[in-house]
Every structure is written in C-alpha cells, then in structure tokens.
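Tertiary structure, described
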Amino acid sequence: MHSFSVSPRYLAASLVKNRRLMLDLARRDAVGRYKGSLLGILWSLLTPLLMLTIYTFVFSTVFKSRWGGGAAGTETASKGEFAVVLFAGMIMFNLFSECVSRAPTLILSHANFVKKIVFPLEILPCVTLLSAMFHLCVSVFILLVAEWLIVGSVPPTAFLLPVVLAPLCVFILGISWTLAATGVYLRDIGQTIGILITALMFLSPVFFPVSSLPERFRTFVYLNPMTYPIEQSRDVLVWGHSIDWSRWGIYTAIAVLVAWLGFGWFQKTRRGFADVI
Amino acid sequence: MSSDIAIRAASLTKGFESYEQPSDRLKRSVLGLLGTLAPLPPLRRALFKRAQDCVRTFWALKGVDFEIARGETVGIIGRNGSGKSTLLQIVCGTLAPTGGEVETRGRIAALLELGSGFDVEYTGRENIYMNGQLHGLSRDQIDARLEQIIEFADIGHFIDQPVKTYSSGMFVRLAFAVIAHVDADILVIDEALAVGDAFFTQKCMRFLRRFQQTGTVLFVSHDSSAVRSLCSRVIWLDRGVIRETGEARHVCTSYFEAFYRQQQGEATSWASAEDLGESGSDIKAPAGLTRQPAQAQTADQRQRFIENAAGPGVTLTALDVDPHSLPTQRDTPLIESVELISEQGSPVSWVVGGERVLLRIRAKRPESGSLPVFAFFVKDRLGQPLFGDDTSLTSTGDNAALREAPAVEAEFVFDMPILPPGDYAFTALVLTEAAHVAGTIAVQDCVHDALIVKSESTSVTTGLVGAPMSNIALFVRDEVEQA
C-alpha cells in the first residue's frame, strides 16, 4: 500500500469515481434508518415537525422569548413566526450536528471496510453529509410550506440557500475528516462529541439573534463557525436579505482551508487504521 | 515492472505493533514526526526512543521477496502464524507494509475472510452492487451480470434478505460469486473454500481452473492436496521468511518433512500428524504376520474384450476427454437420469469402498443420429478426476438399433474404490464419435456433479486410496520359521 495522496486532485478524482457508490450508500443511510418502523420515511418529516413544535412551545410559551433585540424590522410577535425563524437556524445546525456527531465513530463502525477490502474510506464523511442533506431538504420544504401558511409569502432570496450551504458543507467535511481519523485512535472523542455539540448549539444564534447580545460578546459569537451560516440562512429564507458576499468569501476561504487540513490529516493517519481497529 | 509480472514483492516487512491503548498509536506517530523535525540530533534520538517505547512489535514478515508472473498460480503454505494471511492482505492493499514494497498489475479480487467487505445490514443483492462497484464495475455492468452472480451463488430467496441472516456457507457463496464475476486479473484466495458444501466447492474449482488459464491466482491453504492440485509453484513461508519456493510437489514434500521432524521431536505419536493427509508409508507390518494375496474375484471387463475380440488392425483407444475443458452450460440436455445403485437395488448416497455398485446413465438419442457413447468420471472435492470409464468399447451388437432408439441406457458395474472420507462427485457425459473417425469426439451433453457420494471410509488413514481387503486374519504359529 502506497502512502495516500493529500492533493485535492486525488480527492476530486475519488469523489467522481465513487459517485454512484456514495449515492447508494447515502440513500441507504437516509432511507434505511426508518426500515422496519411503521411510518417509514414519514419519520423524516415527522421528526423535524415534532422538534419544531417542542422548541416553539418551550421558548415562546414557557420562556416567553421574543425574537428581536434591536435590529429594525426583525421584531416579531406571533408564535408562528417565531417558529419559522427558530426553525431556519435549527435546520442549519442539525446538518452540522448530524454529520459531526457521527464522524468520530465513522471509521470504527465500518471496520470491515478498513480491514477486509480496499475501500475509498475518504468518501465516508461525504456519505454522511449527503444523507444529512436529504434530511435538510425535507426540513427546508417543511419550513417553506410553514412560512407560506403563516407569513403568507416566501422571499425570493430562498433560492440562494444552496450558495449559503456550499461553504458550510465544505467546512463540515473538513471537521468530519479530522474527527473520523482522530476518533480511530482517541476513542474518547466519540464520548465527548455529544456534549460539545450541545454546548455549541446554545452558543450559536439558534434561539436568539446575534444582535440581541451585548456588543462585547458579539466578536466571540462570530468566532463560532456556525454563526455565519445560521444568520445568513435566516437572511435568505426568512428576512429576504441577500448574501453578504464579503463575509461569504471569508467564510468560504476558511472552510476550504479547514477541509484541506482535515483531508490531509485523514490521509496521513489512515495507514495506521488497520493496526488499531 | 515488466509486463509479464503480475505481483512483485521486494523485501517486504510487516511489524504488528501492539499498543496498550489506541492513543499510543497516535502518540508514536506524533513523536516520530517531531523526531524527524527536531533540529538537534540528541533531541531527535530521544524523541525516537520515546516513540519506540509506546509500542511492542511482532514481526510477521521479515523481508519477503518474490515475483509472480502473469497467469501463474502460486500457493502459499506454512504453519499458523507464519505470515501467510498478512502477506495476502498486503498484496491486496488492505494492510500497509512496514518496509519494502509490493507492486501489482491489474485488477485484484480477494476472498480474504468470510464475506469480506459485506455490510451485514444490506441484502445480498445490495451487497452485490456495492462489492461490484468497489471492484471497479459500473452499475450497468453489474446489472448485466446480476443474474449470473445470483445463479452462481445459488442461495435462493436469501438474496433479498440482509446478509446478517446468512449462514457462513451462504456468505462465502455470495462472496465467491461476486469475485468470480468482476473480471479480475489477479485472484487472491485465503482459506475460503473450506466452507461450502460439495456442490459449491465443485463449482468454485471449475471456475478456478478456468480462471487459471488466463489469470493469476495467489492461493493460501492448509490443505496440501488443494495446493498441489491447483498450483504450479509454491512459496513456503516460515515465521515471516521464505523458507523454500519452487515446484509445488517438491516444496510440499519438504514442508511436510520439516513438519514431521518437528512433530516427532515433540511427540512420537503419529496421530498428532493426522491432518497431514498423507505419508506414514514407512510403517512396517509386524514381523511374523503373513498375508495370503486375496483371490482375484473380479477382473476388468475390458481384459475379456481385449483377449477375445481384438483382432489384428483394431486399435482400442479409450476416449480421451479433458475433464477440465468440459462445457458448463447444457445447450441440449440429453441426459435424463443418473443413478448409483447398490447390489440390493437401493440408491447409494454413501460408500465405504469395496462394495459393488451400478451406475446407470439414461439419455435421449443425440440429434446427429450417430452412435452415442456414455462416459462418467468421479472427481474428488477439488475437482480432480479420480477414475471413470466410457462405453466406447462396448456395443449391444446392433449399432443400427442404438442409433435409432429414442433413448439409451448405459450401465457401469464396478467396485467402489476405498477413498478418503469426503464428498465425491460424478460427472456424466454423452458423446458421439464424430463420423467414426477415431479421436474426434464431440461432447453432446455433460452433467457436472450429477451425483454426490459421501465416502465414509475408515480404512484409509494415511493414503490416497485403499485397497478392498478380501480377508484380514491373524494366525498363531508354534514355531519360528528358519530363514
């Protein structure tokens, strides 16, 4: 076995070559999750709906939260609108948490791909991402329908969502490669990742807008990698604002760097996978 | 690498490093990396030493060199822990060598362990697609071969069940079926044929023998007869180094000699070397025991024929059919039934050897209207033909009637030889002697594994065949005979 190339060209070639395999695995992962359950694929619709109901109830009725905090025109009154705003942020965070929480055990749970056959292991994080993207699409569909029912209209900027998503996906892949490779050697990561993700969720502007924070904390919130995608997705999906291109550019550059480093780390450490699994 | 070489390994080493914790593996890599980056030699040495302390190494391969030419079938033998499986895994690329390198040419398909690479949650059909894609087939190619693969695996409706519900036999059937259809250039097989029933083993052997004609096979087995019958060359691995390499029979013999010597050193019991399959020929009959040669009660019927009928100018050549080049597809099924019957007239499914049996083959008349010739042969579990015969020297006396009869039945009566325990398969054939030109025969129909017979013999302990004993007796003698 030769050492594995870290070049992006190798990655691109592998992704193209294994595209059918990735799609098959992703479909299997996304749909197969509900295999044997009575409602089947309906769960992918029901789960986000139920979560949305619970969060809306807790935050708007129990905690009596208000969306707003200064930015003009963002003050909302109705619970329905609160739900839509909350949901837009949650969708983005769920994509992240679904991929990242599975990453540390990704290689470990596919031990036979490591030991028994020559498998393009680098596609495994992409498979998780594709499967999570399926759930994201379902959720976005629910969101748009809910928005249309509650608010009465869907902003045309919603079509920009893929542009917002693209750098996030690249970023998620980078984190996934890093965690997947490291998780093989440091099993503790699998245990702690859940706590970290929960912490990150409450630190991200999912349940509050960044503008509601005191000025001195805002810089720190923007260091959170989820802040930009969550805010931006709300802009295009709910508020009808276009993309802030300068921020988008910075975020994309960082995401690509993270992805390349993660991929490099994965390729460099994978030679040892078979020795410790 | 020359284009004639399929696999080349150069000073291959593999150290298995065991770590107290998985994190030590990472620690060693990081310390090693720091070591190479460290500016001062003493610091570098200290870091490397710390890195080495994290690990205990077992050397499974200690410098292995070999080249395997394209089209060669090479067996690897050696005791448990001699590095055979490690070597195969490195050749396949699932394991990284510690030192040295291995180069391969062409598509490799491997059957390393049971159901390698199957996802047990997926159904057999889905696994075919996944495995096929991993072996470089496109989806369309798999679509085109799916039927063949399913037919080869022959696991019925289980093909749509999750693989976790499979028995180990079904597992290996499916795995073998897939790798048999991925157009591999190199086939790597590790002890996989030990599972699976007689019918399937026969099928695999047929495939392997056909594959051998074009592809390269690397084959690991503890079964010396399998190795010798399949491989042209054998590599004997002993504790991570190549002890000997060369012609199969030769290397196997010296391997067993060495094995024996060691066994005898450990214990004098021959029984402990049971699994060697053969040898022990130098056990001497106890002195003072004389045996009457058994009276020959039967003789080959051909002797009678040759003695009585063969006039001058008649050449008696039994048909020369190459058992390995028989068709596997039955284009025009002629053979209607094949049965093996005991003297009492009941069907025979197991034998101990020595009993008289009757093999009856019934077939429709070939379309060509030429004289049909029936033949059979018996193969061992590796597909090696053991014995057989045909009706080319037999006639009813009325060839015209034979040519026109709608169906013909052939009977072979013979004494079953004593065979080592195991499964034996009968292949039945209908041939025609094309236009009575000697030597040109055409296979009209061929049924592989028409019958499977189990040998329950207990009397063959060390040899390949046993001789039917008419009488074994002991006599008490009062005197010592003077020489």
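What counts and what doesn't
Residues numbered from 1 in each chain as written. Chains lettered and ligands numbered in written order. Predicted model: local features only at pLDDT ≥ 70, side-chain atom pairs only at ≥ 80, totals over all residues. Heavy atoms only, no water. Helix = DSSP H or I, 4+ residues; strand = E, 2+ residues; numbered from the N terminus. Buried < 20%, exposed > 50% of the residue type's maximum accessible area, 1.4 Å probe, protein only. Contact = heavy atoms within 4.5 Å. Areas by Shrake-Rupley, 256 points an atom, 1.4 Å probe, with all protein chains shown as cover. Axes fitted to C-alpha atoms, helices over the stretch in contact; angles between N-to-C directions. Parallel < 35°, antiparallel > 145°, perpendicular 65-115°, else oblique. Left-handed = near helix turned anticlockwise from the far one by under 90°. Nonpolar A, V, L, I, M, F, W, Y, C, P; charged D, E, K, R; others polar. Expected span 1.5 Å × (residues − 1). Pairing = 2+ DSSP bridges.

1. Focus: the overall build of chain A
Helix and strand counts for chain A stand at twelve helices and zero strands. Of the regular secondary structure in chain A, the N- to C-terminal order runs α-α-α-α-α-α-α-α-α-α-α-α. Taken across its 277 residues, chain A has 49% of its residues classed as buried. Here the contacts in chain A between residues at least 6 apart in sequence split such that 78% fall between residues at least 24 apart. For chain A, the accessible surface area stands at approximately 13,100 Å², while carbon and sulfur atoms represent 71% of it.

2. Structural notes on the packing of helix H1 (residues 22-37) of chain B against helix H2 (residues 41-53) of chain B
Residue and element names in this part refer to chain B. It is the contact of H1 with H2, at a shortest axis distance of 8 Å, that shows an interaxial angle of 165°. In terms of axis orientation, H1 runs roughly antiparallel to H2. Between H1 and H2 the crossing geometry is left-handed. When H1 is examined against H2, the residues Arg28, Leu31, Gly32, Leu34, Gly35 and Thr36 are found in contact with a partner set consisting of Arg44, Leu47, Phe48, Arg50, Ala51 and Gln52. Looking at the contact of H1 with H2 residue by residue, the classes come out as five nonpolar, four polar and three charged.

3. Things to note about unusual backbone geometry
Residues and elements named next belong to chain B. Even without a glycine there, the phi angle at aspartate 183 is positive, about 55°. Locating aspartate 183 in the fold gives a position in the loop between helix H6 (168-179) and strand S6 (186-190). Although it is not a glycine, aspartate 449 adopts a positive phi angle of roughly 50°. Inspection of the secondary structure assignment puts aspartate 449 in strand S17 (residues 441-455).

4. Focus: helix H4 (residues 79-102) of chain A
Look at H4(A): 33 Å from first C-alpha to last across 24 residues, which is about the 34 Å you get at 1.5 Å a residue. The buried fraction of H4(A) amounts to 18 of the 24 residues, a majority that puts the element mostly inside the structure.

5. Looking at the sheet that holds strand S15 (residues 407-415) of chain B
Residues and elements named next belong to chain B. With respect to topology, three strands assemble into an open sheet ordered S10-S12-S15, the strand pairing being antiparallel. Two strands lie at the open edges of the sheet, namely strand S10 (335-342) and S15, each paired on one side alone. Strand-to-strand twist across the sheet, computed as the mean angle between neighbouring axes with direction ignored, equals 15°. Of the pairings in the sheet, the one linking S10 to strand S12 (residues 356-364) comprises seven bridges and is antiparallel in character. The residue bridging serine 337 from the neighbouring strand is arginine 362, located in S12.

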